[in-house]
Amino acid sequence: VWNQAAGQWRPGNLITIAASYYADMFQMPNNSDWPVSSFASMGPDATTPSLIVCAFDDTSLEGVGFMSNIPATATNMQLVINGRAATASTGSTKNAIFTLYARAIPNNSAMVPWANVVTTITIPAAVGNANFVYNTFSYTLSAMSLTPGITYNFELVRNASTGTDTLVGDYNLTELQIGFS
């Protein structure tokens, strides 16, 4: 389990971290083979330019891709999204809404179509806060229709058109961690 206060995985919970992806490590969805074919622009963070971020715009669908093998004994998946609002929000807490797509890369079979495995990932941006925040999300593989022991291609997309995405401006993603238990 992710220990938010300590900023690390808590030992003893049999979590396997499959990968930690940083902004410059993502695949670029840039053709019609992806659910969303626009890549979240990558570049230096405006406040901390030594950090590279993927800036997800609030006016268009943009995504980043990554691959992971799901361990054969896993039943749960955890995502830790480390990012921040490019500009501190005012008024009330604002939300950036993301969707996670996946498709299996089967052994010696045809590729399967993409599936929307998590419709709504809500990342809150607290009022006046433009700091990087680790947000943790846990899902059962069965609810996501993902099969253990198979490699998957994923795409994380900011879905600003939902009507519940209220964060004005970019959401800057610097890291995504994926773990299984």
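Everything discussed here concerns the structure shown above.
Reference entry: report on the structure contained in this document. Only a predicted model underlies this, so the values are computations on that prediction, with no experimental measurement involved.

### Notes on the sheet that holds strand 11 (residues 151-158)
Picture the strands of a sheet paired through backbone hydrogen bonds; they go either parallel or antiparallel. With respect to topology, four strands assemble into an open sheet ordered 6-11-8-9, the strand pairing being antiparallel. Edge strands, defined here as strands with exactly one partner in the open sheet, are strand 6 (62-69) and strand 9 (115-125). Averaged over all pairs of adjacent strands, the angle between their axes in this sheet comes to 25°, without regard to strand direction. Bridge analysis of strand 6 against strand 11 gives eight bridges, and the strand direction is antiparallel. Its bridge partner being in strand 11, Asn69 is matched across the sheet by Thr151.

### Digging into the packing of aromatic side chains
The final tally for this structure, using the stated rule, is eight aromatic pairs. Judged by centre distance (5.1 Å) and plane angle (15°), the rings of Phe66 and Phe154 are stacked. Of this pair, Phe66 sits in strand 6 while Phe154 sits in strand 11, placing them 88 residues apart in sequence. For Phe66, a relative accessible area of 1% corresponds to the buried category. Take Phe154: its relative accessible area is 0%, and that puts it in the buried class. The interplanar angle of 35° and the centroid separation of 6.0 Å between the aromatic rings of Tyr152 and Phe154 together place this pair among those described as tilted. One exposure class covers both Tyr152 and Phe154, and it is buried. Through a chain of ring-to-ring contacts, the aromatic side chains of Tyr21, Phe26, Phe66, Tyr152 and Phe154 assemble into a single cluster. Sitting above the plane of the Phe132 ring, Arg84 keeps its charged end 5.5 Å from the centroid.

### Notes on the pairing of strand 5 (residues 52-56)
Judged by how many residues are buried, strand 5 sits mostly within the fold: four of five residues are covered. Pairing between strand 4 (residues 41-44) and strand 5: four bridges, direction antiparallel. Paired with Met42 across the strands is Cys54, a residue of strand 5. The pairing of strand 5 with strand 12 (residues 171-180) spans three bridges and is antiparallel. Looking across to strand 12, one finds that Ala55 is bridged to Asn172.

### Remarks on the side chain of Gln78
Within the secondary structure, Gln78 is located in strand 7 (residues 76-85). On the basis of relative accessible area, Gln78 is assigned to the buried category, the value being 6%. Side-chain polar atoms of Gln78 contact the side chain of Ser181, separated by 3.2 Å.

### Some points on the pattern of salt bridges
This structure, assessed with the given rule, holds three salt bridges. A salt bridge links Asp33 to Arg103, with the nearest nitrogen and oxygen atoms 2.8 Å apart. Residue Asp33 is located in the loop between strand 3 (16-22) and strand 4, and its partner Arg103 is located in strand 8 (residues 94-105); the two are separated by 70 residues in the primary sequence. On the basis of relative accessible area, Arg103 is assigned to the buried category, the value being 10%. The shortest N-O distance in the salt bridge between Asp165 and Arg158 comes to 2.7 Å. Accessibility expressed as a relative area gives 0% for Arg158, which makes it buried.

Conventions used here
- Residues numbered from 1 in each chain as written.
- Predicted model: local features only at pLDDT ≥ 70, side-chain atom pairs only at ≥ 80, totals over all residues.
- Heavy atoms only, no water.
- Pairing = 2+ DSSP bridges.
- Helix = DSSP H or I, 4+ residues; strand = E, 2+ residues; numbered from the N terminus.
- Axes fitted to C-alpha atoms, helices over the stretch in contact; angles between N-to-C directions.
- Phe/Tyr/Trp six-rings, centres within 6.5 Å; stacked < 30°, edge-to-face > 60°.
- Buried < 20%, exposed > 50% of the residue type's maximum accessible area, 1.4 Å probe, protein only.
- Lys NZ or Arg CZ within 6 Å of the ring centre and 35° of its normal.
- Polar contact = N/O pair within 3.5 Å; in protein donor to acceptor, adjacent residues only side chain to side chain.
- Salt bridge = Lys/Arg side-chain N within 4 Å of Asp/Glu carboxyl O.

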